[in-house]
Each structure stands twice: as C-alpha cells, then as structure tokens.
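# Observations on the three-dimensional arrangement
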Amino acid sequence: METPITVVILAAGLGTRMKSKQAKVLHQAGGMPLIEHIVGTALALAPPERIFLVVGHQAGEVQAAVAHHGVQFIVQAEQRGTGHALLVCRERLSGLPGHLLVLYGDCPLLTPGALRQLVEAQEQGEAAATVITTVLEDPTGYGRILRNESGRLQAIVEQKDATPEQLAEREINSGIYCFRAGLLWEQIGEIQPHNVAREYYLTDMVDIFHRAGHFMQPLVLADSSEVLGINTRAELALVDRILRERKARQLMLDGVTIEKPETVTIDAGVTVGMDSVIGPFAQLLGHTAIGEDCRVGACSIVRDSRLAAGVQVAPFTMVDSSELETGVRVGPYARLRMSAHLEAGAVVGNFVEVKKSRIGAKAKSQHLAYLGDANIGKGVNVGAGTITCNYDGERKHPTIIGDGAFIGSNSTLVAPVEIGAGSYVAAGSVITENVPPDALALGRARQVVKEEWAKKRKAAAETRT
Ligand code: UD1
Ligand code: CA
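Small disclaimer: the values here were computed from a predicted structure and weren't measured. (Residues numbered from 1 in each chain as written. Chains lettered and ligands numbered in written order. Predicted model: local features only at pLDDT ≥ 70, side-chain atom pairs only at ≥ 80, totals over all residues. Heavy atoms only, no water.)

### Considerations on the packing of helix 1 (residues 34-43) against helix 2 (residues 59-66)
Taken N-terminus to C-terminus, the directions of helix 1 and helix 2 make an angle of 50 degrees; their axes are 9 Å apart at the nearest point. By the angle class used here, helix 1 and helix 2 are oblique. Judged by the sense of rotation from one axis to the other, the crossing of helix 1 with helix 2 is right-handed. Across the interface between the two elements, Ile35, Glu36 and Val39 from helix 1 touch Val62, Ala65 and Val66 from helix 2. (Axes fitted to C-alpha atoms, helices over the stretch in contact; angles between N-to-C directions. Helix = DSSP H or I, 4+ residues; strand = E, 2+ residues; numbered from the N terminus. Parallel < 35°, antiparallel > 145°, perpendicular 65-115°, else oblique. Left-handed = near helix turned anticlockwise from the far one by under 90°. Contact = heavy atoms within 4.5 Å.)

### What to know about the domain arrangement of the protein chain
On domain assignment, one finds that the protein chain holds domain 1 (5-227) and domain 2 (255-441). Between the C-alpha centres of domain 1 and domain 2 there is a distance of 49 Å. (Domains from an automatic or database assignment.)

### Describing helix 1
When you tally the buried positions in helix 1, you get 8 out of 10 residues, the bulk of the element. Considered for burial, the residues of helix 1 that qualify are Leu34, Ile35, Glu36, His37, Ile38, Val39, Thr41 and Ala42. (Buried < 20%, exposed > 50% of the residue type's maximum accessible area, 1.4 Å probe, protein only.)

### Structural notes on the coordination of the calcium ion (ligand 2)
In this structure, Asp106 (OD) and Asn231 (OD1) serve as the protein donors to the calcium ion (ligand 2), at separations of 2.6 to 2.8 Å. Of this pair, Asp106 sits in the loop between strand 6 (99-104) and helix 5 (112-124) while Asn231 sits in the loop between strand 11 (216-220) and helix 9 (233-253), and the two are 125 residues apart along the sequence. (Donors = N, O, S within 2.8 Å, 3.2 Å for Na, K, Ca; no water.)

### Digging into the sheet that holds strand 26 (residues 341-342)
The 9 strands lie next to each other as 14-17-20-23-26-28-30-33-36, forming an open sheet whose pairing is parallel. Pairing within the sheet leaves two strands with one partner each, and these edge strands are strand 14 (271-272) and strand 36 (417-419). (Pairing = 2+ DSSP bridges.)

### Regarding the packing of aromatic side chains
The relation between two aromatic rings is expressed through the spacing of the ring centres and the mutual angle of the planes. Within this structure, the stated rule accounts for 5 aromatic pairs. Centroid distance Phe406 to Tyr424: 5.3 Å. Interplanar angle 25 degrees. Geometry classified as stacked. Taken together, the positions of Phe406 in strand 34 (residues 406-407) and Tyr424 in strand 37 (residues 424-425) put the pair 18 residues apart, joining distant regions of the chain. Take Phe406: its relative accessible area is 34%, and that puts it in the partly exposed class. One aromatic cluster is present, built from ring pairs that chain together Tyr177, Phe179 and Phe209. The side chain of Arg152 reaches across the aromatic face of Phe215, ending 4.6 Å from its centre. The ring of Tyr391 has Lys396 sitting right over it, with the charged end atom 5.2 Å from the ring centre. (Phe/Tyr/Trp six-rings, centres within 6.5 Å; stacked < 30°, edge-to-face > 60°. Lys NZ or Arg CZ within 6 Å of the ring centre and 35° of its normal.)

Structure, rendered in structure tokens:
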C-alpha cells in the first residue's frame, strides 16, 4: 500500500521584507496569489483534507483566498519561526501516519514533479527526513547547507547566524522537506530559540535528529528556479516573469501563436484555443477563455471574458467581463465592459464603448459611440457618434433598439427609450420619445437656407468702407 501523504504549508508570516501591509502570500505572481500556486501543487499529491495551511497574518484573507479548494487551516497566532509553525500543528496532526511534506507559501514555482522526486528519495533510504537543496549563483538570504567530509548533511545555518566562511557556501535550503511524520512529532519539541533571531528554526531538526541517532538527507535539485522563495518585491517580479514564460510556452506548445512572447502577460487561469494568435504586449487576464482561430491584437487587454471561435480583437482594445460570440470583431481602440454581450458577427469599431449591453447578431457600431444599458437587436446599424443617455444623474435607464433599425450618425437617445424594429432615426436627432416599428424619427430643428445671404453681407460691408 502507498504511504499516505500529509502536507503542511507554512503561510503565517507577514513577510517583513516585502514592506507591505498585505501578507506576503496574498501578493500576486502569474495572475494569482502566491498561496494559490502552492496549494495547487500540493493538491497534485494529497487530497484537500490532508493539506493543512498554517495561517497567522491576515489569516481570514488567506483562508478566503484558498478555502474553495477544501483545504484545512491551523492558526499560528504568534509567528515565532518555522519550527514553531509546525509545533502548533502537532496536536492536530500527530495522529496522521506516513510522509509529512512541509512547503512554504512563498514558493510558487515548485512543481508536483519535484515533490514526487522528494517523496521518492525519502522512500528509498533510511533517513528521518529529506530536504530539497539547490546551488545558487547568489545564495543571499537563504539558509546554507553545510556538509561534512563524506558529503553528509551536517547543519543548515541561517544567513543571520552564519560565519563569513559559511556564507560563501552556495548550496541552500529550499525549506521544502519530507519527514517521517512519526519521528518529526516525536522530536520537534526539542527545538529551542537559541539563535540571533530568537526564533524556533525548523532547520534545527538536522541536529536534533542526529542526536537521536537519525539523520536528514539532502536532495539536490538541478533546476534551482523551482525553489525560488519570494522575500522581496524584486523577487516577486522575477518569479512573475518566470510564471508568465511558463504559461506562454505551454500555450505555444498547445498550438497558439504568440508574437513576441516575452512581451505578453497571460494569467494562469486563461485558456486559448488552437490556431489563435496573440499579438505583442497583449494581456489575457483572470478567467478569460478564448476559442480557436481568434486574434487578440497588440496591446489589447482581455479580462474575465469569453471569446468564441474566430473572434477578432484589434489592437489597443479593452474587453472586461464580457462575452463575444463567434466571428465578432472589435476595435481597434474599443472598450467593452460589465457584461457586454456581442452576438455572432457583431462589429464594434474604434472609440466605441459598450457597457452592460447586448449587441445583436451582425449589428454594427463602427465608430465613436457610447452604448450603455442598451438592448440592441440583430442587424442594427448604429451610426458614428451615437450616444445612449442612460444616466439622469440619479439612476440608469435602458435603451431598446429593435431588429434591423438604423440609427443615424450623431443621434442622442435619451433613455428610457425604445426604437421600434426596422425604423430609422435621422442623423443628428435627439430622441426622447419611443419610435414605433418601421417609422422615421426626426428629432432636430428643420434646416433653414437663406439664399444670397453671404453675398449681401459682403456687399453691405463694402459700401461701409
Ligand atoms: C527559511 C529557512 C531557510 C530557507 C528559506 C527558504 C528556517 C529557519 N529558515 O528562511 O533555511 O533557506 O526559508 O525560502 O526555516 N512562517 C510561518 N510562521 C512563522 C515563520 C514563518 O508560517 O512563524 C512561514 C512564512 O509565512 C513563509 C515560510 O514560513 O511562508 C518561510 O518563512 P520565512 O520567514 O520567509 O523564512 P526564511 O527566513 O526565508
Ligand atoms: Ca522565505
């Protein structure tokens, strides 16, 4: 039978070096909070009822960020170090046999593959625990791995406590461990806060196991990027870039063309269909789902939106919380927001804003319009400069335009108002009353032409001089 795995994720710290009011694990990289990444990785190895988050700083917010996964929480009211964080779990977890994986909330690049390697290494030997280590160009800030002459793990010494000679070591502690659960719970009470920081260091377990006749073994990971822990915002930016690269690469392998992939920003939760093309500097954010054969042009931003197959988003367009059906074309320089819903083949062109409106199939609004709280029928043509006046200073009102209607350029539709199917609104009209189907509505002053007026004026001016 397979050995059961329990996972503890340490996420109680504030993260002082972030210089932030917000708990470190709530900062975002790759489009989601750091804590989401590590919980996702943990879920690949253990069921949610076996995953325990140690929370403290902004415990409520951290729990809210990941509670939907069904994972468990243990509160560490006072943060007295990584060893202390595990100590507060002892009562609840010491009855659970098998492997105990310890992960950090600030380590979002870790993959399930690396964790499986860790568990495998632990299962092979007699060690009380296995710790992932790696060799870094610049090990500043990490605990250093000290080995004896025979290469065995001797101690882990923190940056703050290390001698200059120890600081020169480039092999570092990732902080990711696999313990024999029973042994850990038996020995963890031995940790003492005897160090510069006066904290309970989990790293002291190396020595504690030794004294009890056991040992901890290192597992060196070749890809050190996997265990990058975030302590500062500079590291947050670095990790964000790596996550973006991973996501773009995965999409390309799945059949998406990305032009200048180093410039795009694509969140982890985004999906893109085959043969779609993403232009330079595009941003695909949140829970966006893009179908096949779409194009998102340069510098466009699409957030929390659904694009069906064959949708074309021209450059410099913003699409937020909206739905675009098959073959829709938007932009350049268009803005769709708050549940804009464009039915199949609809066209929304440059400098058109659509808010909380439905645009019927094959309807067009090609230039310079504001369509808010509107329900626009199929095949409607909305002329340049059309404005729905949806707001009276206190409340919002709807505009309804029936199928096949034609709204002349520069029309002002004062809501609430309804334009009947198939009717025409003359250019430049201010429409304040409903228009029945198949009618023509003119809402402007009749044009007056005074013949010869200019000529006479000029003549009068000449006689004066
Ligand atoms: C720790 C390790 C260090 C390792 C590094 C890897 C110790 C003593 N040091 O140092 O050897 O190289 O991680 O990134 O273990 N946390 C709690 N409660 C606490 C303290 C911390 O939950 O009381 C959590 C933090 O929220 C964080 C994680 O534990 O997610 C690591 O804490 P942090 O303070 O960042 O440890 P480091 O100083 O980086
Ligand atoms: Ca850290």
